[in-house]
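# Per-entry structural report
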Amino acid sequence: MNQQGTPIGIITNGPVNRQTDKINALQLTNWIDQENIIISDGVQIQKPDPGIFRLMEAKLNLTPDSLLYVGDSFDNDVLGAKAAGWSVWWFNHQRRMIPSDQTAIYDDELTSFKELNNAFITKKSLQH
């Protein structure tokens, strides 16, 4: 996606050292610019606070209605990104249930890496 001119970033909760180690182990900076990686402890804002999503909007110089968040945590990723006005794909690979006090506010639910890959390949519409 980044090679196609689509800006991508990472928003992750946790300690800077631990999250940086994970990012490096996965070699994600081969595809994602380091300046487009936000680690919650480094900015003192955690998902689901919409403020951390606003930081990414500023880094990418994009508006909420043009952004898609893919995350596996309903509480942190889906609720946070939706509160910020982003489109959301819930990567529910662990097939968790939506909390009983919540509704399905995500734009799509993907339950496998194959589904996720196919969604990106086909540039699946975010509009229902």
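Here the structure is a predicted model, which is why all the values come from computation and not from measurement.

### Quick look at the sheet that holds strand β5 (residues 108-110)
The strand order β3-β4-β5 describes an open sheet built from three strands, whose pairing is parallel. In this open sheet, the two edge strands, each paired with only one partner strand, are β3 (68-71) and β5. Recorded for the sheet is a direction-independent mean angle of 20° between the axes of neighbouring strands. Examined bridge by bridge, β3 and strand β4 (residues 87-91) share four bridges and lie parallel to one another. What sits directly across from Gly71, in β4, is Trp90. Of the strands in this sheet, β3 and β4 touch helix α4 (residues 74-83), which is tilted by about 165° from β4.

### A closer look at the environment of Thr29
For Thr29, the location among the structural elements is in the loop between α1 (16-25) and β2 (37-39). With a relative accessible area of 35%, Thr29 lands in the partly exposed category. Residues Thr29 and Gly9 lie 20 residues apart in sequence; the distance between their C-alpha atoms is 9.8 Å. Ignoring any residue separated from it by four or fewer positions in sequence, one finds Thr29 in contact with Ile23, Gln34 and Ile37.

### Description of the pattern of salt bridges
Counted under the stated rule, the structure contains three salt bridges. Among the ionic pairs, Arg54 bridges to Glu57, the shortest N-O distance being 2.6 Å. In this pair, Arg54 and Glu57 are both assigned in helix α3 (residues 50-60), three residues apart and thus about one turn of the helix distant. A relative accessible area of 36% means that Arg54 is categorised as partly exposed. A relative accessible area of 9% means that Glu57 is categorised as buried.

### Re the packing of aromatic side chains
Enumeration over the complete set of coordinates arrives at seven aromatic pairs. Judged by centre distance (5.4 Å) and plane angle (45°), the ring pair of Trp90 and Tyr106 falls under tilted. With Trp90 in strand β4 and Tyr106 in the loop between β4 and β5, the pair connects residues that are 16 residues apart, well separated along the chain. Their ring planes at 65° and their centres at 4.9 Å tell us that Phe91 and Phe113 sit as a pair that is edge-to-face. In this pair, Phe91 is assigned in strand β4 and Phe113 in helix α5 (residues 113-121), connecting sequence segments 22 residues apart.

Analysis parameters
- Residues numbered from 1 in each chain as written.
- Predicted model: local features only at pLDDT ≥ 70, side-chain atom pairs only at ≥ 80, totals over all residues.
- Heavy atoms only, no water.
- Pairing = 2+ DSSP bridges.
- Helix = DSSP H or I, 4+ residues; strand = E, 2+ residues; numbered from the N terminus.
- Axes fitted to C-alpha atoms, helices over the stretch in contact; angles between N-to-C directions.
- Contact = heavy atoms within 4.5 Å.
- Buried < 20%, exposed > 50% of the residue type's maximum accessible area, 1.4 Å probe, protein only.
- Salt bridge = Lys/Arg side-chain N within 4 Å of Asp/Glu carboxyl O.
- Phe/Tyr/Trp six-rings, centres within 6.5 Å; stacked < 30°, edge-to-face > 60°.

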